[in-house]
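Letter by letter, the chains look like this.
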Amino acid sequence: MTKDTSAARIVVNAPGDYTTMQVERFDPPTPGPGELLVRVAAAGVNFIDMYRRAGVYKVPYPHVLGSEGSGTVLAVGEETSGFTAGDQISWNAAPGSYATHAIVPASNAVLVPAGVDLTTAAAVRLQGLTAHYLATSSFRISPGDIALIHAGAGGVGLLLTQIAVALGARVITTVSTQDKAELSLAAGASRAILYSEMEDITTQLPPQVRAAARELRSHTEHHVGDGRGDGVDVVYDGVGKTTFDASLASLRIRGTLVLFGGSSGQVPPFDLQQLNAHGSLTVTRPTLAHFVLTRRELESRMNDLHTWIAQGTLTVSVGATYPLEQAGEAHHAVEGRKTMGKVLLIPSTAS
């Protein structure tokens, strides 16, 4: 394979803000055993990239950012089966994905079917897998359930809302602006609550959630008169510190809080007796790696996502795309909460 002198990647040489990100030219490496060399079509921008850039998550420096994307296989390493040059794939665990070329572990690569374009494949990979396991494994949505989803206009929120509704749930979301409320409602939410209008989310949000849940439950036969009171069956909380107490107070008796992130900060230690006081609640803190433990499980979840996309059941919202060279601007926009839906970097070689 001839060298590609146009190859570029985004590097940080020390922890810092978005201005520390630099474009670096490099020679694409040869894939080793179990690896694929891929021309990147789109790279996903995720909060974990920012945590690594800023030094919140410790990584060795210099560090090439990114771990999620989609693209076309250029070369297959020795002892690697299931893929050939020319295959279109997606991945979510390939360090160095903010690049025109990336080395992807074959164990994490999944073929993208003909009915799904590479931009959509990159946008759905990490957040779609997250939404899938949240709705089907961390708390298995059943018809008639009422779910509260924080950050309903975010990448996970929009996908999780659609999946929950498809599985028979009614969804209440929290959002920060009217534009985001409209986007959340368009994704299938029955109610979208603006938390930005609240002085104290801990005391003001739960009554609104309970009132909305009571109204929604009055229109369905499910759960009516089961003695578990007001509130939602499940809260999906990726915000963390600022919403945790409100999430607990929004649940009905024997409800479940799925805490899957901490965009506002990590939840401090708390007294487990609160779970008793709020109604024998369940709290779980899952992470994606534990829900794609086997190749079969990874492929099964991705097959569901790809099928739903092809059928029109799941619409993937790409909120913004940036050229690879503008990765810093992309981080700045996401950290400033100026984006809705998924944010992607598009290398020039993808055009």
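Report on the accompanying structure.

Here we look at empty space enclosed by the protein
Item 1. Taken as a whole and assessed by the stated rule, the structure comprises 1 cavity of 30 Å³ or more.
Item 2. Taken as a whole, the largest cavity holds about 40 Å³ of empty space.
Item 3. Along its surface, the largest cavity is lined by A123, Q127, G155, L158, L159, T315, V316, S317, G341 and K342.
Item 4. Secondary structure elements with two or more residues in the lining of the largest cavity: α2 (118-138) and α3 (155-166).
Item 5. Per-element tally for the lining of the largest cavity: the top contributor is α3, with 3 residues.
Item 6. Here the lining of the largest cavity is composed, by residue class, of 4 nonpolar, 5 polar and 1 charged.

With respect to the packing of aromatic side chains
Item 1. Under the definition given, this model contains 4 aromatic pairs.
Item 2. Ring geometry for F244 versus F270: centroids 5.0 Å apart, planes at 65°, classification edge-to-face. In this pair, F244 is assigned in helix α6 (residues 244-250) and F270 in the loop between β13 (251-259) and α7 (273-277), connecting sequence segments 26 residues apart.
Item 3. Given the relative accessible area of 4%, F244 is considered buried.

Overview of the sheet that holds strand β12 (residues 232-237)
Item 1. Pairing is parallel across the open sheet formed by 6 strands, whose spatial order is β11-β10-β9-β12-β13-β14. Each edge of the open sheet is held by one strand with a lone partner, namely β11 (191-194) and β14 (282-284). Pairwise comparison of adjacent strand axes, ignoring direction, gives a mean angle of 15° for this sheet.

What about the pattern of salt bridges?
Item 1. What the rule picks out here adds up to 11 salt bridges.
Item 2. A salt bridge links R252 to D233, with the shortest nitrogen-to-oxygen separation between them at 3.2 Å. With R252 in strand β13 and D233 in strand β12, the pair connects residues that are 19 residues apart, well separated along the chain. The pair formed by R252 and D233 is uniform in burial state, with each residue classed as buried.
Item 3. The partner of R295 in a salt bridge is E299, and the shortest N-O contact between them spans 2.9 Å.

A few points about the packing of α2 against α3
Item 1. α3 packs onto α2 with a crossing angle of 45° between their chain directions and a minimal axis gap of 9 Å. Here α3 runs oblique to α2, going by the angle between their axes. Of the two elements, α2 crosses α3, and the hand of that crossing is right-handed. Residue-level contacts link V124, Q127, G128, T130, A131, H132, L134 and A135 of α2 to G155, V156, L159, L160 and I163 of α3.

Details of the pairing of strand β9 (residues 146-149)
Item 1. Burial along β9 is two-sided: I146 and L148 facing one way and A147 and I149 facing the other are all buried.
Item 2. Across 4 bridges, β9 lies against strand β10 (residues 170-175) in parallel orientation. Bridge assignment links A147 to a residue of β10, and that residue is V171.
Item 3. Following the chain from β9 across α3 to the adjacent parallel β10, one finds a crossover that is right-handed.
Item 4. In terms of strand pairing, β9 meets β12 through 3 bridges, oriented parallel. Bridge assignment links I149 to a residue of β12, and that residue is Y236.

Concerning the side chain of R252
Item 1. Take R252: its relative accessible area is 1%, and that puts it in the buried class.
Item 2. One polar contact links R252 to D226, side chain to side chain, over a distance of 2.9 Å.

Focus on the sheet that holds strand β4 (residues 63-64)
Item 1. Strands sit in the order β2-β1-β4 across an open sheet of 3 strands; the sheet is antiparallel. In this open sheet, the two strands that pair with only one neighbour each are β2 (22-25) and β4.
Item 2. Summarising the sheet, strand β1 (residues 8-12) and β4 pair through 2 bridges and their orientation is antiparallel. Bridge pairing in β4 links V11 to V64.

Scoring rules and cut-offs
- Residues numbered from 1 in each chain as written.
- Predicted model: local features only at pLDDT ≥ 70, side-chain atom pairs only at ≥ 80, totals over all residues.
- Heavy atoms only, no water.
- 1 Å grid on protein atoms, 1.4 Å probe; cavity = no way out; pocket = protein on both sides within 12 Å on 5 of 7 lines; lining within 4 Å.
- Points joined across faces, edges and corners; volume = space filled by probe spheres on them.
- Helix = DSSP H or I, 4+ residues; strand = E, 2+ residues; numbered from the N terminus.
- Nonpolar A, V, L, I, M, F, W, Y, C, P; charged D, E, K, R; others polar.
- Phe/Tyr/Trp six-rings, centres within 6.5 Å; stacked < 30°, edge-to-face > 60°.
- Buried < 20%, exposed > 50% of the residue type's maximum accessible area, 1.4 Å probe, protein only.
- Pairing = 2+ DSSP bridges.
- Axes fitted to C-alpha atoms, helices over the stretch in contact; angles between N-to-C directions.
- Salt bridge = Lys/Arg side-chain N within 4 Å of Asp/Glu carboxyl O.
- Parallel < 35°, antiparallel > 145°, perpendicular 65-115°, else oblique.
- Left-handed = near helix turned anticlockwise from the far one by under 90°.
- Contact = heavy atoms within 4.5 Å.
- Right-handed = clockwise from strand over helix to strand, strands pointing away.
- Polar contact = N/O pair within 3.5 Å; in protein donor to acceptor, adjacent residues only side chain to side chain.

These values are about where atoms sit, not about what they do.
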